[in-house]
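Listed here are the chains, written in short residue letters.
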Amino acid sequence: MVVRGRPRGFDRAAALRLAMESFWEHGYEGTSIGDLTARMGIRPPSLYAAFGSKEALFREAVMLYEGMEGEPPLRALNDAPTAIAGIEAMLRANVRSYTLPGRPTGCMVVLAATTYTPSTEGIRDFLAEQRRAGTAAVEERLVRGQAEGDVPPGADTGALAAYVMSVQYGLSLQARDGATREQLDAVVDCVLAGWDATVAARVAAAGTG
């Protein structure tokens, strides 16, 4: 006779999305198990049975966030005809995402864990890995631009990618502080206006290094 476990009495996917929103809004440390179970409409034993632990739930929530919010800007980056067009498309897509009404503002991967304790070093490292992947994607697009002729061959793609991502992180923080889409788009305008000079400076720096 096969003994079956007690059937789960909730929609796991829907509960995960609610957990994602809690972590996105309040951060890892600022979201307690009680907060999560209240938001998800389940009891702690059900949470642990379905997700294992708070950290495991958070990691899964981040991956859900990346699939929902991270993939469209990444596609915009890669589908554009030039590297700078892709960077603009990525930044503007993120501005739209960061400022949509009716949900948390800013980027979950940037804002969900800004302080750390020894017990949350794993979370720190996990989020840092996600951010490094974003920087690597921008650098790969710049390298492709060099191969296709729209980025100078001597440009320091690593420094340029770090610059772009620093702007993106700043957009996220400003969105959390209440900046509007129009205000953040103006920051992107500044990046575009100074792009050629920035690239030229990194070409010169690479040439003298």
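Before reading on, note that the structure itself is shown above.
First, a word on scope: everything that follows refers to the structure included in this document. (Residues numbered from 1 in each chain as written. Predicted model: local features only at pLDDT ≥ 70, side-chain atom pairs only at ≥ 80, totals over all residues. Heavy atoms only, no water.)

1. Comments concerning the packing of helix α7 (residues 121–148) against helix α8 (residues 157–176)
No. 1: Two numbers describe how α7 lies on α8: the axes approach to 8 Å, and their chain directions differ by 130°. Looking at the two axes, α7 sits oblique to α8. Regarding α7 and α8, the two cross each other, and that crossing is right-handed. On the side of α7, the interface is formed by R131, G134, T135, V138, E139, L142, V143 and Q146, while α8 contributes T157, G158, L160, A161, A162, V164, M165 and Y169. (Axes fitted to C-alpha atoms, helices over the stretch in contact; angles between N-to-C directions. Helix = DSSP H or I, 4+ residues; strand = E, 2+ residues; numbered from the N terminus. Parallel < 35°, antiparallel > 145°, perpendicular 65-115°, else oblique. Left-handed = near helix turned anticlockwise from the far one by under 90°. Contact = heavy atoms within 4.5 Å.)

2. Overview of the packing of aromatic side chains
No. 1: One pass over the structure, following the stated rule, counts four aromatic pairs.
No. 2: Ring centres of F23 and Y28 lie 6.0 Å apart, and the angle between their planes is 15°; this geometry places the pair in the stacked category. With respect to class, F23 is no different from Y28; both count as buried.
No. 3: Seen from their ring centres, F23 and F58 are 5.0 Å apart, and the 85° between their planes marks the pair as edge-to-face. On the criterion of sequence distance, the pair formed by F23 in helix α1 (residues 12–26) and F58 in helix α4 (residues 54–79) is long-range, its members being 35 residues apart. The same class applies to F23 and to F58, which are both buried.
No. 4: Grouping aromatic residues by their ring pairs yields a cluster made of F23, Y28 and F58.
No. 5: Residue placement shows K54 over the ring face of Y28; its charged tip is 4.3 Å from the ring centre. (Phe/Tyr/Trp six-rings, centres within 6.5 Å; stacked < 30°, edge-to-face > 60°. Buried < 20%, exposed > 50% of the residue type's maximum accessible area, 1.4 Å probe, protein only. Lys NZ or Arg CZ within 6 Å of the ring centre and 35° of its normal.)

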